[in-house]
Amino acid sequence: MNEIKPPRIVERAPEGDEWIPSTCNLCYGTCSILVHKVDGVAVKIEGNPKSTVGKGRLCGKGVSGLMTHYDPNRVRVPMRRTNPEKGIGIDPGWEEISWDEALDEIAGRLKKIRAEDPRKLSIQRTTTVYTMGLPWAAFAPGFGTTNVSEGGGGLHCGNSAHQVSGLLHASWGVLPDFQYCNYALYFGASKGHAAGHNSNSNMGQAADARERGMKMVVIDPMCNFAAAKANEWVPIRVGTDAALALAMCNVLANELGTLDIPYLKAKTNGPYLIGPDGTYVRDIETNEPLVWDTKDSIAKPHNVADSEDMALEGEFEVNGVTCQPSFILLKEHLKKYTPEYAEEITTVPAENIRRLTAEFAKEARIGSTIVIDGVTLPYRPAAAIAFRGLQGHRNATFNFLAVLLLNQLVGAADVVGSCHGFNSAFDGIPETGRMGYQPKAGPDGLMEVGTWMAYDPPYPRPEPKKPEEMGLQDLFVMGMTSPFFNSKEGEELWEKLDMPYRPEMLINYGANIMMSIANKDLIAESLKKLDFIASFDLFMNETSDFVDIILPDRGYLGCYNTRPNSPYIFSHPAGMGDWSWAIQQPVVEPEGKERIFADVLIDLAERADFLSDMNAAFNAVFDLRGENRLQGDKKYSYEEICDADLKNNFGDERGLEFFKKEGVISWPKTPEEVYWRPFTDARVPIYWEWMPELGKKIQAISGPAGLDVPMEYYSALVDYLPCASHECDHDNFDFYTFYYRDTLHTNSFTMENAWLDEAAQLDPYSYNIAMNTQSGLKRGLEDGDLIQLETAKGRKVKGRVHLTQAIHPEGLGIAALCGHWAKGMPVAEGKGIFYNELLELDWENVNPVNLTLDLCSKVKVSRVEEN
Amino acid sequence: MGETPAPELEIEEDRSAVLWYSAERNAAEKPAETAESENSGTTISIDVLLFGLLSAVTTESPISLSLPSTATPLDVVAALEDRFGADSFAQIKDPNIGILTCCRLFVNGEPFEDPYAPISPDGLAGTIEMIILKGFEGG
Ligand code: SF4
């Protein structure tokens, strides 16, 4: 088993020798760390075994954080451009300025914009240091802008994964219950085998599960981090997972008939009666959806009938219309997804589809129970999970839903061994009961999340309206991040949709927007249109060419954060074990003129006269109560605000000083928190009744502006729908490209880290293009050849090909976001491939439901002759 | 009109069915009796503090309102719209949700979630703070 060595904190360290607890922020795994300092110099970073987040482990990036901190290329002083001309590779002519000069200029602009319309300010951040979001969560609303985006991270993240996981599991994503799962199906996910959510905790749990005998089947175009450790790798054509998952659902429902009927009756909207117009048949008095009560042979509101008596099949006359339970409509709908049809779409043989489904169905052990810590619970030791790979396509929403439907059909949802939303329920901090949350029934009895990573949860949805947000999320109400911050259509659309303002100023926090969203020319155009950009950065990167004032950030080893692992739906491992509360604190002294960015934001709020608004926002964001609330326009340091947050949650005895010393506190989870589903009387939608009407409402607004909503994406029943790349039939365009998150790198940031760069150079995949050996040989290519990929729109990238059996014959796999060209990142410059150069940022390439960007493309490959 | 029989289970006894059917926590609301509030008919003073984007509506702060003791946050918004213009709060109102979740409400310093619930069930004066929070974490 994966035992962790005891903590390295020693009772009496030699003079000048200390281990300081904090949190890694080099990805959103947010592992708890211990930093070893000798005579004031940080010399080593290890995992903190006292914490459940990371469980004492670090990945290669976490260990290498020192190299980022001590990199001589770091920005250490505020700087202002002297060259007004902005463009790729044009020297901004940087000059050093004082903090006062920098803040006065930025605050002056903020004041002017705030007086006109605060929404003219947009804020972009990176997910690389995502836990630094709290000061921004107060700064932006205090200022009054609603235009906050997550750079490329947001667009390239699990936009649909989060939305659908929220609707079906009250969580930000899904995982197998590693401790009890016996059969895990992975679709385009690497959970427990690579970067990302709770990655180090999950890696330990996944390794233990495999050792215990959990069978793991990975469906992915590439046999990399997860598939390499799986029992079986199922190569699939890029972007077609929904066709496979729906064929498996069809086999479950219509060939095997292996269904958890009580679960479907009690926990889904499967019994809700659907009329001829596709909508719920509702109770005339209460307007609640009706179900058919088989005991009394009448229709009753869903919240009146007993679940046990609800019909899942049949045809009934109610309120003068003929209606059927939504479950039977789904079951019939699935029939078109025969394994033979799916084989054509996905290249996965029909017999394999049937075999995998039968294995999954058998392992789900429908009807069984198990006792955990004295509590009897449903036992479903099978899980189908998915993440970013599967949902980085135009059909993002349905791709994800199709996979999660597998779990719904067999009742493998948030019970022992099953697919889990991680930490959807939390009873609160034991001593104070604070911060607790539970999923609950909302309108129509459908589940509302207990907590969420954004302020608008996935359900219930607001009505679409004429947009006033730059990203149009108030029109596309199921969207979270949006391509319209930087899109090709942006200005034209804003004009047609009568947007009452235009963006004028951007404050960027660590996002390298030029690289992290889509092709650089398009992003450059969008950045050039802004009057002013201020950016907190560690390095002069590709985006710096467009920035007016650069502010030196202290980085994750120099900042405070009281909630690096909260909310738990994002950052805690699934399953039984502990809750941990860690903090992040400065472990190194500032170098040069670096400042804690949160204090800089507070300074800006003071100089631009919105400190009382920012204090009110801090009160709201942290939910500060009583004497911990920030008062009026009094100026607080961020350290004081952190202290207030901790005392507010943990009591006066456990403020910042307590946590600085302890670093982390832990307490045990209960089975009712972890396996919450049977205890919670809320249903999840397997039939998305609201979708067609929502689509029509959006079309009524967006259509006249030129965004025609393809209604097939707004169907109540989940479908496979192809990407633009699947429809590209140009001669010789015969490869599908995709990129994946390398375990050695986070976004486009870590390539500047010398240790990680060295490791990546030893890895045959990190900086090369993976191509199937036979496919390469057929085209006369040899391993190491320089090749060019070109899209139908003429976008091109070059890189060296690595021939391997570990990739689907039609796939081209590219790791991470490399290919830097900025001189300020000399370690990274020129290494690897800038994948995003291939990507468009337009309506044709986003999911019309939640605006997820399609990250695949169809390309033609040619060898580049070298002298 | 009949129901298709449910598929047979492969195990002899479905032991988990009773667990699925017995949920109690956070149950969907049953139709409730409406009760007359003790304080209905009286009025209360409410001070409104608007922050961030909402503060652009007026420089007046706090905004003092006199409302029926049964007033809800939606009634407060309606009263503000009467005073400052019909569309001044359009960005936070929603026919499905009442007041959008991103608009956080605090009554006397305590968070207040339900836009349809009386702000002051005890009929006492109070302060309501309103601020729009926006933001998102990707991953
Ligand atoms: S997984 Fe992420 S947070 Fe954890 S050590 Fe690695 S980079 Fe740091």
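What counts, and at which threshold
Residues numbered from 1 in each chain as written. Chains lettered and ligands numbered in written order. Predicted model: local features only at pLDDT ≥ 70, side-chain atom pairs only at ≥ 80, totals over all residues. Heavy atoms only, no water. Helix = DSSP H or I, 4+ residues; strand = E, 2+ residues; numbered from the N terminus. Buried < 20%, exposed > 50% of the residue type's maximum accessible area, 1.4 Å probe, protein only. Contact = heavy atoms within 4.5 Å. Areas by Shrake-Rupley, 256 points an atom, 1.4 Å probe, with all protein chains shown as cover. Near = heavy atom within 4 Å. Nonpolar A, V, L, I, M, F, W, Y, C, P; charged D, E, K, R; others polar. Buried area = accessible area lost by both parts, 1.4 Å probe. Salt bridge = Lys/Arg side-chain N within 4 Å of Asp/Glu carboxyl O. Lys, Arg positive; Asp, Glu negative; His and termini not counted. Expected span 1.5 Å × (residues − 1). Pairing = 2+ DSSP bridges. Axes fitted to C-alpha atoms, helices over the stretch in contact; angles between N-to-C directions. Core = buried A, V, L, I, M, F, W, Y, C linked by side-chain atoms within 4.5 Å. Phe/Tyr/Trp six-rings, centres within 6.5 Å; stacked < 30°, edge-to-face > 60°. Lys NZ or Arg CZ within 6 Å of the ring centre and 35° of its normal. Polar contact = N/O pair within 3.5 Å; in protein donor to acceptor, adjacent residues only side chain to side chain.

I tried to follow the overall build of chain B on my own but got confused; where do I start?
Of the regular secondary structure elements, chain B holds two helices and seven strands. The linear arrangement of helices and strands in chain B, starting from the amino end, is α-β-β-α-β-β-β-β-β. Residues classed as buried in chain B amount to 44% of the 139 residues present. Contacts in chain B between residues far apart in sequence, at least 24 positions, make up 57% of those at least 6 positions apart. Surface exposure of chain B reaches about 7500 Å², of which carbon and sulfur atoms provide 50%.

Even after reading the chapter, I still don't get the site of the ligand, so can you show me in this structure?
All names here are of chain A. Surveying the vicinity of the ligand reveals the residues C24, L26, C27, G29, T30, C31, L58, C59, K61, G62, S199 and N200. When residues of the shell around the ligand are traced back to their parent elements, those giving at least two are α1 (60-63) and α7 (199-212). Looking at the shell around the ligand residue by residue, the class counts come to six nonpolar, five polar and one charged.

What is the right way to read the interface of chain B and chain A from this model?
It is common to give the size of an interface as the accessible area that goes away when the parts come together. Taken together, the contact between chain B and chain A spans 56 residues of the former and 94 residues of the latter. Contact between chain B and chain A buries roughly 5800 Å² in total, counting both sides, with carbon and sulfur atoms accounting for 59%. One can count two salt bridges joining chain B with chain A. E129 of chain B is the salt-bridge partner of R629 of chain A, the closest N and O atoms lying 2.6 Å from each other.

Looking at this structure, I do not really get the side chain of K267 of chain A. What am I missing?
Among the secondary structure elements, K267 of chain A is positioned in helix α9 (residues 261-267). Buried and without a salt bridge, K267 of chain A has D681 of chain A as its closest oppositely charged side chain, separated by 5.1 Å. Those residues in contact with K267 of chain A that sit more than four places away from it in its chain are R677, P678, T680, D681, A682, R683 and V684 of chain A together with W20 and A23 of chain B.

Help me understand helix α12 (residues 350-364) of chain A, please; the structure alone is not making it clear to me.
For an α-helix, the turn length of 3.6 residues means that residues three or four places apart are oriented alike. Given a rise of 1.5 Å per residue, 15 residues ought to cover 21 Å, and the 21 Å separating the end C-alpha atoms of α12 of chain A matches this to within 8%. One or two residues past the end of α12 of chain A sits R365 of chain A, with phi positive at roughly 50 degrees.

For this particular structure, what's the right way to read unusual backbone geometry?
Leaving glycine aside, a negative phi is the common case for residues, and trans is the common case for peptide bonds. Look at the link from Y459 of chain A to P460 of chain A: it is a cis peptide, with omega at -5 degrees. As for its position among the elements, P460 of chain A is in the loop between β22 (447-448) and α15 (490-496). Each neighbour pair has its own omega, and for S61 of chain B with P62 of chain B the value is -5 degrees, a cis peptide bond. Relative to the assigned elements, P62 of chain B resides in the loop between β1 (43-50) and β2 (63-68). One non-glycine residue, S297 of chain A, lies in positive phi territory at about 50 degrees. Assignment of secondary structure puts S297 of chain A in the loop between β13 (290-293) and β14 (298-301). Of the residues examined, S297 of chain A reaches a relative accessible area of 44% and is grouped as partly exposed.

What should I look at first to understand the sheet that holds strand β19 (residues 382-386) of chain A in this one?
Residues and elements named next belong to chain A. Across the sheet, which stays open at both edges, the four strands sit in the order β11-β10-β9-β19 with parallel pairing between neighbours. Two strands in the sheet have a free side with no partner beyond their single neighbour: β11 (232-234) and β19. Averaged over all neighbouring strand pairs, the angle between strand axes comes to 15 degrees, with direction disregarded. One ladder, built from three bridges, connects strand β10 (residues 215-219) with β11; its direction is parallel. Directly across from V218, in β11, lies its bridge partner W233. Of the strands in this sheet, β9 (183-187) and β10 touch helix α8 (residues 241-256), which is tilted by about 150 degrees from β9.

Whenever I open this one, the nonpolar core confuses me. Can you help?
Most often, soluble globular proteins have nonpolar side chains that are buried together. Counting 249 residues, the largest nonpolar core has F139 and F187 of chain A as the members making the most contacts within it. The contact partners of F139 of chain A, leaving out residues within four places of it in the chain, are L110, L121, I123, I507, L601, L604, F610 and M614 of chain A. In this structure, V76, I99, L100 and V107 of chain B belong to the second largest nonpolar core, which totals 29 residues.

Even after reading the chapter, I still don't get the packing of aromatic side chains, so can you show me in this structure?
One pair of aromatic rings is described through two measures. These are the centre distance and the angle between the planes. Overall, the coordinates contain 35 aromatic pairs over all chains when judged by the stated rule. Here F426 of chain A and Y437 of chain A contribute two aromatic rings whose centre-to-centre distance is 5.8 Å and whose plane-to-plane angle is 55 degrees, an arrangement assigned as tilted. Of this pair, F426 of chain A sits in the loop between β20 (419-421) and β21 (440-441) while Y437 of chain A sits in the loop between β20 and β21, and the two are eleven residues apart along the sequence. Linked through ring pairs, F426, Y437, Y568, W579, W581, F650, F658, F659 and W667 of chain A together constitute an aromatic cluster. Directly above the aromatic system of W821 of chain A lies the positively charged group of K520 of chain A, at a separation of 5.6 Å from the ring centroid. Taking NZ or CZ as reference, R629 of chain A lies 5.6 Å from the ring centre of F106 of chain B, over its face.

Explain the pairing of strand β26 (residues 578-582) of chain A here, please?
Note on strand geometry: in a regular strand, side chains alternate between the two faces of the sheet. All names here are of chain A. The element β26 is extensively covered by neighbouring structure, given that four of its five residues are classed as buried. Of the strand pairs in this sheet, β26 and strand β27 (residues 664-668) are connected by five bridges, and their pairing is antiparallel. Bridge pairing in β27 places D578 opposite P668.

How should I be thinking about the pattern of salt bridges in this particular structure?
Should their charged atoms come close, side chains of opposite charge can pair. All names here are of chain A. Per the counting criterion, the structure on display carries 67 salt bridges over all chains. Among the ionic pairs, R607 bridges to D104, the shortest N-O distance being 2.8 Å. On the criterion of sequence distance, the pair formed by R607 in helix α19 (residues 597-607) and D104 in helix α3 (residues 99-116) is long-range, its members being 503 residues apart. The partly exposed category is assigned to R607, whose relative accessible area is 27%. With a closest N to O distance of 2.9 Å, K335 and E332 form a salt bridge. Accessibility expressed as a relative area gives 40% for K335, which makes it partly exposed. Using a relative accessible area of 43% as the deciding quantity, one classes E332 as partly exposed.

Got a minute to help me understand the side chain of E673 of chain A in this structure?
Residue and element names in this part refer to chain A. By secondary structure assignment, the location of E673 is in helix α23 (residues 671-674). No salt bridge is formed by the buried E673, whose closest oppositely charged neighbour, K669, lies at an N-O distance of 7.6 Å. Within the structure, E673 has its side chain in polar contact with the backbone nitrogen of D427 (distance 2.7 Å). Within the structure, E673 has its side chain in polar contact with the side chain of W579 (distance 3.0 Å). If sequence neighbours within four positions are ignored, E673 has contacts with A425, F426, D427, G428, W579 and P668.

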